[in-house]
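An overview of the molecular structure
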Amino acid sequence: MVAKGYPKKILITGGAGYISNQLIEELPPAVEIICIDNFYVDSEYKRKNKKLHSNHRVSLIDSNVAHISKYQHLLSNIDLLIYMASLNSVGESQTHPIKYLKENNLNLQLFLNQLKKFSPKLKKIILTSSRGVYGEGPYLCQKCRRTIYPDSAEALSCSKCNSTELTPQKIKESDQTKPASYYGLTKKIQEDLLSVFSLQYNIQMDIFRIFNVYGKDQGKYYSNIGIIPQMFKLIKTQHQICLSGNGKLTRDFVSITDLVNILKMSVVNSQVRTNLIETYNVGSGRAVSLNDLAEYFQNLGYSFNIILISSYQDVQYSVANNQKVKKAFNIKKFSNLYDFLARTYGKNC
Ligand SMILES: NC(=O)c1ccc[n+]([C@@H]2O[C@H](COP(=O)([O-])OP(=O)(O)OC[C@H]3O[C@@H](n4cnc5c(N)ncnc54)[C@H](O)[C@@H]3O)[C@@H](O)[C@H]2O)c1
């Protein structure tokens, strides 16, 4: 019997990925799970992940989401769709925008075109979106006191009074979306495509704009994203790291445990909701710069060179205002990044 409140059958696209795997481990055994993944983001570990493959209640189908006829026979009685299928590298998206628009958007729409026919009982959608939809985010001009949304971090000045005295602000869900990368743009288009579908069929949807995830096993799933495993790998293998924005780039790191906890509550619909479509920032609300991270690894006893690069190559300041998600899901506190780093990378570990 399925535990109270849980859907009986869940479809997870991008189901062989990192976040999906951590979530599946936390779902009750009686829930049937269909995972669709084309291993576009591949790793040996993912292919061999015994936990997922040996799990009798999980069916893992190697397919692009768009090729729905390949797996349509598994879609009857789906109650909940968790849409995670995505290419996720900001850098790669800048050099391969067409690939990103095709995989993240066109193939999503091809999937949606058929979904309602095969899953007529679908009641809810969860989308793992990204903080990338905001781009550089809001800044407060200290001179004219207006909130402005700069195009990029390279030339920060107030568009109204030209002052360069700007203070970055924590990002709220109601802030302007202004993607600064093709990746961010494709995540915004995912939000829009799924919103139209949700409104068309009156299906509830939770959109989670996730900040920078960290947690156990992350580096096993991919090599070109995940700031912490990437930095650690360079420290260990090259004894040297390059830090953009002179190391002052600031990120909001959110623990996979906290994220999975929120997703789980959304799966059972336990939050207070007022709208058919709700959007939540998922971040810890704490600012951590690349310099802070590098210094922490040095304090843990690692020695390596730091090369500072002045250009930003990405947004400068990215910290969530997380009041909405905390209130809706009754979250008291987010995990502490430094506790995780000490536990995972401490020299005695
Ligand atoms: N990890 C983070 O820091 C982070 C931050 C913000 C948002 N997100 C979002 O969370 C979701 C999951 O992220 P993750 O960290 O688990 O990444 P992941 O790369 O481990 O998982 C995504 C999976 O989607 C699959 N995929 C991509 N395109 C597909 C397609 N067209 N058809 C079928 N499968 C496809 C990939 O092979 C991959 O296994 C993504 O939607 C991502 O945009 C992640």
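Heads up: the structure comes first, above all this text.
In this report, the structure presented in the accompanying data block is examined. (Residues numbered from 1 in each chain as written. Predicted model: local features only at pLDDT ≥ 70, side-chain atom pairs only at ≥ 80, totals over all residues. Heavy atoms only, no water.)

**Quick word on the overall build of the protein**
- In terms of helices and strands, the protein carries eleven helices and 16 strands.
- Relative to a compact globule of 349 residues, whose C-alpha radius of gyration would be 20 Å, the protein shows 20 Å and is just as compact.
- The dimensions of the protein, computed from C-alpha atoms along their principal axes, are 55 × 50 × 40 Å.
- For the protein, the residues scored as buried account for 54% of the 349 residues in total.
- Long-range pairs, those at least 24 residues apart, make up 80% of the contacts in the protein with a sequence separation of at least 6.
- In the protein, which carries 44 positive and 27 negative side-chain charges, the distance between the mean positions of the two groups comes to 4 Å. (Helix = DSSP H or I, 4+ residues; strand = E, 2+ residues; numbered from the N terminus. Rg over C-alpha atoms; globule rule 2.2 N^0.38 Å. Buried < 20%, exposed > 50% of the residue type's maximum accessible area, 1.4 Å probe, protein only. Contact = heavy atoms within 4.5 Å. Lys, Arg positive; Asp, Glu negative; His and termini not counted. Charge placed at Lys NZ, Arg CZ, Asp CG, Glu CD.)

**So, the sheet that holds strand 8 (residues 166–168)**
- Ordered in space as 7-6-8, the three strands form an open sheet in which the pairing is antiparallel. Of all strands in the sheet, those with a lone pairing partner are strand 7 (147–148) and strand 8, marking the two edges. (Pairing = 2+ DSSP bridges.)

**Remarks on the site of the ligand**
- Every one of the 27 residues lining the ligand counts as a neighbour, but Y18, D37, K46, N88 and K187 are closest to it.
- Contact distances for the ligand include 3.1 Å between an oxygen atom and a backbone N or O atom of V41.
- Within the side chain of Y183, an N or O atom sits 2.9 Å from an oxygen atom of the ligand.
- Considering the ligand on its own, with 820 Å² of exposed area, one finds that the protein chains cover 96% of that surface.
- Secondary-structure elements contributing two or more residues to the shell around the ligand are helix 1 (18–26), strand 5 (124–130) and helix 6 (182–201).
- A total of three residues in the shell around the ligand trace back to one element, the largest contributor, which is strand 5. (Near = heavy atom within 4 Å. Polar contact = N/O pair within 3.5 Å; in protein donor to acceptor, adjacent residues only side chain to side chain. Areas by Shrake-Rupley, 256 points an atom, 1.4 Å probe, with all protein chains shown as cover.)

**Some words on helix 8 (residues 256–267)**
- Look at helix 8: 16 Å from first C-alpha to last across twelve residues, which is about the 16 Å you get at 1.5 Å a residue.
- Burial of helix 8 is extensive: nine of the twelve residues sit out of reach of the surface.
- Measuring from the side-chain oxygen of the N-cap residue of helix 8 to the backbone nitrogen of T257 gives 3.0 Å; that N-cap residue is S255.
- Phi turns positive one or two residues past the end of helix 8, at N269, with a value near 60°. (Expected span 1.5 Å × (residues − 1).)

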